[in-house]
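Chain residues, written in single-letter form:
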Amino acid sequence: MNGKQAAGYQAVDEIHNGMTVGLGTGSTVYFFLEALAQKVASGLSVTGVATSQKTIDLAENWKIPMESLNDVDRIDLTVDGADEVDQCMNGIKGGGGALLYEKMVAQASDKRLWIVDSRKKVQQLGAFPLPIEVIPFGWKQIEKMMQEKGCHPQLRLNTDGTPFETDAHHYILDLHLGKIDDPEALADELDHVTGVVEHGLFIHMTDKTLIGYPDGHVETMERKK
Ligand code: 5RP
């Protein structure tokens with residue numbers, strides 16, 4: 001078992017009969033979905049709300065009942081991965097390009113749980129490139145603005161060299177920052193750039209994080225009240 005598997009499998013213990021569950025995106029969430037599907041097959045009744053087409057495809061394949069975000073009143077708990085998590089449980093997400101839908105689903109959730117492997121736990125955010133999701137119209141202007149701010153933006157590309165498109169048909173600029181001294185201030189700044197639809201800084205947006213280690217043990221971090 002690796003760290004992602006350990007965290008993903010443990011997260012299923014948080015799911016109870018009748019819950020509406022936000023389903024994140026990524027390779028750690030894959031293990032959570034696998035374990036959830038087994039519980040559903042054994043009679044657990046849940047409704048899933050996906051954060052990406054990839055997750056819809058997996059969940060449907062594994063016969064997890066699904067609804068869209070528009071068709072549920074509220075989500076009880078969302079389980080999602082992250083690319084980096086700091087000591088305050090702020091994080092960077094969007095490595096898989098699903099940050100916008102992930103943040104919308106998180107925002108509609110009563111509780112949020114992150115599942116990560118131990119390599120994602122950091123002292124300071126920013127070594128992982130921070131994704132910003134931008135409107136394709138005029139994206140080069142945003143790129144120029146980010147360059148001028150010293151953010152070292154890079155347009156995310158597919159393997160064939162074409163721009164990567166999110167499920168909402170936007171582009172992604174990855175900001176190579178190295179370190180982020182004040183995540184809240186940067187999040188606030190990016191929230192106010194017209195043309196940036198969303199950014200991958202998730203500030204105070206999780207309640208609990210399960211951190212899986214290579215030996216299979218799982219550490220729990222909870223938000224201090
Ligand atoms: C996708 C995400 C993922 O949760 C994040 O990239 C972590 O992915 P993985 O579990 O594959 O390492 O934010 O947009």
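Right above here is the structure, for reference.
Let us look at the structure shown here. (Residues numbered from 1 in each chain as written. Predicted model: local features only at pLDDT ≥ 70, side-chain atom pairs only at ≥ 80, totals over all residues. Heavy atoms only, no water.)

**Quick word on the overall build of the protein chain**
Turning to step 1, where the next piece is worked out: When helices and strands are tallied, the protein chain shows 6 helices and 14 strands.
Turning to step 2, where the next piece is worked out: Taking 2.2 N^0.38 as the reference for a compact globule, 225 residues should give roughly 17 Å; the C-alpha atoms of the protein chain span a radius of gyration of 17 Å, in line with that estimate.
Turning to step 3, where the next piece is worked out: Taken along the three principal axes of its C-alpha coordinates, the protein chain extends 55 × 35 × 35 Å.
Turning to step 4, where the next piece is worked out: Across the 225 residues in the protein chain, those meeting the buried criterion constitute 53%.
Turning to step 5, where the next piece is worked out: If you take every contact in the protein chain between residues at least 6 apart in sequence, the share linking residues at least 24 apart comes to 73%. (Helix = DSSP H or I, 4+ residues; strand = E, 2+ residues; numbered from the N terminus. Rg over C-alpha atoms; globule rule 2.2 N^0.38 Å. Buried < 20%, exposed > 50% of the residue type's maximum accessible area, 1.4 Å probe, protein only. Contact = heavy atoms within 4.5 Å.)

**Here we look at the site of the ligand**
Turning to step 1, where the next piece is worked out: In the vicinity of the ligand, 18 residues are found, and the nearest of them are Ser27, Thr28, Asp83, Gly94 and Lys120.
Turning to step 2, where the next piece is worked out: Residue Gly97 places a main-chain N or O atom 3.4 Å away from an oxygen atom belonging to the ligand.
Turning to step 3, where the next piece is worked out: When isolated, the ligand has an accessible area of 380 Å², and the protein chains bury 92% of it.
Turning to step 4, where the next piece is worked out: Counting only elements with at least two residues in the shell around the ligand, the list comes to α2 (27-41) and α4 (99-107). (Near = heavy atom within 4 Å. Polar contact = N/O pair within 3.5 Å; in protein donor to acceptor, adjacent residues only side chain to side chain. Areas by Shrake-Rupley, 256 points an atom, 1.4 Å probe, with all protein chains shown as cover.)

**Some thoughts on the side chain of Thr51**
Turning to step 1, where the next piece is worked out: Its place among the elements puts Thr51 in the loop between β2 (47-50) and α3 (53-61).
Turning to step 2, where the next piece is worked out: At a separation of 2.8 Å, a polar atom in the side chain of Thr51 contacts the main-chain carbonyl oxygen of Leu23.
Turning to step 3, where the next piece is worked out: There is a polar contact of 3.4 Å between the side chain of Thr51 and the backbone oxygen of Gly24.
Turning to step 4, where the next piece is worked out: The contact partners of Thr51, leaving out residues within four places of it in the chain, are Leu23, Gly24, Thr25, Ala98, Tyr101, Glu102 and Val105.

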